[in-house]
Amino acid sequence: MAIVGSFIDGKYEILKLIGRGGMSNVYVAMDTNLNKQWAVKEIIRDNSDSMNQIKINSIIAEANLMKKLDHPMIPRIVDILDKGDVIYIVMDYIEGESLESVLKKTGPLPEETVISIGESLCNVLDYLHSLSPTVIYRDLKPANIMLTPNGNIKLIDFGIAYETGNETSTIERRVGTKGYASPEQCEGKQTDETSDIYSLGMTLFELVTGKNPAEESKSIFPIRYYNDKLSPGLEEIIIRCTKKEKANRYQSIGEVLYSLWHYEEADAKFRKKLKKRLVITIVALILFALFLISGIVMRYQFVKLRENDYDSLLLKAKASNSQDELESYCKKAIKLLPGDKDAYIVLIDRMKSDAAFTVEEEKTLHNLVNHNVDELKKDDSYGELCYRIGHLYWYYYDYEKDNSCDDNANAGMKMALPWFERSIEYGNSTDEYMKLSEAYVSIANFNTNINLMILEATDAGEYREYFDSLKELLSIAERDNTELLSLQIYDTVVNALNQYAHKFKNDGVSKEEQIEVLEKALAGAKSIEPMTEKTTNIKKDIDTFGVMAKKIIEQAYKD
């Protein structure tokens with residue numbers, strides 16, 4: 001057991017013990033290098049106990065999975081230290097209390113609060129489900145949702161989460177929490193995204209009623225049985241989420257999120273109106289059959305009018321000086337033509353105009369694209385839109401203002417990767433952005449995997465492709481006159497040459513090639529007169545590290 005005041009790995013000072021389990025302790029520790037507090041889980045290894053090793057393997061597998069994830073609602077794993085008899089896992093320190101604890105103190109939460117929590121959970125589950133391979137969480141419940149002092153929520157405990165394509169045995173899959181786990185999970189059958197949707201429904205049920213589904217009778221009553229003032233719309237959402245048969249549930253988190261946005265529309269009055277509209281529609285269809293020719297003419301005129309309205313809204317959006325006003329015009333345009341990329345691109349261009357793609361902006365864009373993705377996929381330009389979204393994440397993502405530039409860059413790269421992969425999947429091989437998407441995917445995969453490959457000494461042969469991808473990035477900077485984007489590309493190239501000059505040489509990259517790429521980056525940076533403090537600092541870094549890179553390249557070919 002670690003002693004308060006002692007140091008782990010020479011830099012993590014133990015401040016206090018905050019949790020204790022059968023084979024582990026959790027401490028708050030201060031990183032003396034970064035002056036930042038982390039949570040440190042201490043796991044005691046007992047070689048004489050076979051179950052102890054199985055549990056340790058499970059904990060390490062969980063930590064390795066979480067290291068791949070990067071989302072504001074998921075704690076980060078920053079270090080895994082194996083000290084023989086003890087293993088330390090260093091992660092984000094989450095202040096606050098679980099929603100399970102909140103429910104015990106306050107009882108059921110207000111409906112609007114539950115809706116807001118549901119939307120946040122949809123966002124983080126959608127992130128996990130959109131990864132490649134898909135991550136199925138499998139243990140959603142109030143005990144695993146932390147409420148922080150600033151009102152945000154964090155998803156913890158990925159102990160039984162798994163990546164699709166890497167499933168464990170049938171017996172090992174029969175895990176989860178009674179009352180929250182889906183029927184197929186309890187039976188040891190294959191789980192998927194709809195299994196998390198079931199658990200989400202049960203979680204919302206408990207938050208809004210205060211009733212633990214594991215303690216209720218075999219039948220879970222609709223939420224209005226417990227409180228008739230609750231919304232019929234929310235009741236319907238929870239019922240559909242928790243259907244026994246997977247096919248009867250929502251089939252994607254995006255569908256759940258859309259229903260939460262419109263939950264008030266699903267009450268009885270709304271349904272009555274829908275029936276009336278259905279009758280009117282049937283009558284209209286009969287009349288349409290009688291007046292087919294005039295109907296075709298009217299349809300043509302309507303389409304033209306809609307297109308004119310769409311173009312008018314885009315012009316107003318581009319001329320708007322207000323972000324809220326621009327978003328309003330773009331949303332109206334998207335409602336008219338949800339499968340046309342132009343309105344999304346206007347929104348993207350404005351979001352990157354201040355050089356920061358914020359969490360709120362991400363939520364707006366993600367929800368619009370996710371809601372209309374089926375329409376967007378019908379158009380040949382969907383691949384280009386995916387490329388532009390990936391580009392937005394890669395260079396402009398700013399998910400927490402107090403994070404360092406490196407944190408944002410790494411997070412942006414990880415969030416951009418699936419968009420570039422979709423760009424390749426849905427684009428045409430002749431499209432200009434295809435090669436660039438392939439370059440971004442190559443660079444992202446390289447940066448994700450290279451440290452582990454270096455440790456395992458399997459990195460030989462990886463650097464030639466990475467170098468060629470850097471050259472593709474330079475071609476973007478040569479064509480694009482955006483100050484921030486160009487300088488970030490030059491900075492990426494210079495840093496890569498500093499770090500991997502010897503590796504490039506070993507993989508067959510000539511000295512002349514490295515010098516040529518370096519000189520292009522330095523010349524490009526020199527031609528830019530920075531207009532902001534951020535770009536001024538980037539240019540200074542390029543100048544400083546450019547000199548170092550040239551010396552490192554020269555030395556590499558002398559060794």
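Preceding block: the structure.
Every value quoted in this text rests on a predicted model; they were computed, and no experiment measured them. (Residues numbered from 1 in each chain as written. Predicted model: local features only at pLDDT ≥ 70, side-chain atom pairs only at ≥ 80, totals over all residues. Heavy atoms only, no water.)

J.: Where do I start with the packing of helix α12 (residues 323-336) against helix α14 (residues 359-371) in this structure?
T.: What describes two packed helices is the angle between their axes and the distance between those same axes. For the pair α12 and α14, the least separation of the axes is 12 Å and the interaxial angle reads 5°. Here α12 is positioned roughly parallel relative to α14, judged by the angle of their axes. Where α12 abuts α14, its residues Gln 323, Glu 327, Lys 331 and Ile 334 lie against Glu 361, Thr 364 and Leu 368. In terms of residue class, the contact of α12 with α14 is built from two nonpolar, two polar and three charged. (Axes fitted to C-alpha atoms, helices over the stretch in contact; angles between N-to-C directions. Helix = DSSP H or I, 4+ residues; strand = E, 2+ residues; numbered from the N terminus. Parallel < 35°, antiparallel > 145°, perpendicular 65-115°, else oblique. Contact = heavy atoms within 4.5 Å. Nonpolar A, V, L, I, M, F, W, Y, C, P; charged D, E, K, R; others polar.)

J.: How do you make sense of the sheet that holds strand β1 (residues 7-8) when you look at a structure like this?
T.: Either a parallel or an antiparallel arrangement is found when strands of a sheet pair, and the pairing is made through backbone hydrogen bonds. Strand order in the open sheet formed by six strands is β1-β2-β3-β4-β6-β5, with antiparallel pairing between adjacent strands. Pairing within the sheet leaves two strands with one partner each, and these edge strands are β1 and β5 (77-82). In terms of strand pairing, strand β4 (residues 36-44) meets strand β6 (residues 86-92) through seven bridges, oriented antiparallel. For Ile 43, the partnering residue across the bridge sits in β6 and is Ile 87. (Pairing = 2+ DSSP bridges.)

J.: Explain the packing of aromatic side chains to me, please; I cannot follow it from the model alone.
T.: Two aromatic rings are characterised by how far apart their centres lie and by the angle between their planes. Summed over all chains, the structure comprises 24 aromatic pairs. A ring pair is formed by Phe 357 and Tyr 393, whose centres lie 5.2 Å apart and whose planes are at 70°; its orientation type is edge-to-face. Pair noted here: Phe 357 is in strand β12 (residues 357-358) and Tyr 393 is in helix α16 (residues 382-396), with a separation of 36 residues, a long-range link. Each of the two residues, Phe 357 as well as Tyr 393, counts as buried. Joined through ring pairs, the aromatic side chains of Tyr 387, Trp 394, Tyr 395, Phe 420, Tyr 433 and Tyr 440 make up one cluster. (Phe/Tyr/Trp six-rings, centres within 6.5 Å; stacked < 30°, edge-to-face > 60°. Buried < 20%, exposed > 50% of the residue type's maximum accessible area, 1.4 Å probe, protein only.)

J.: What exactly am I supposed to notice about the sheet that holds strand β9 (residues 145-147) here?
T.: Spatially, the three strands line up as an open sheet ordered β7-β9-β10, and their pairing is antiparallel. Two strands lie at the open edges of the sheet, namely β7 (97-98) and β10 (153-155), each paired on one side alone. With two bridges connecting them, β7 and β9 associate as antiparallel partners. Looking at the pairing, Glu 97 lines up with Leu 147 of β9. Strand contacts of helix α3 (residues 111-130): β9 and β10, with the helix running at about 35° to β10, the strand carrying the most contacts.

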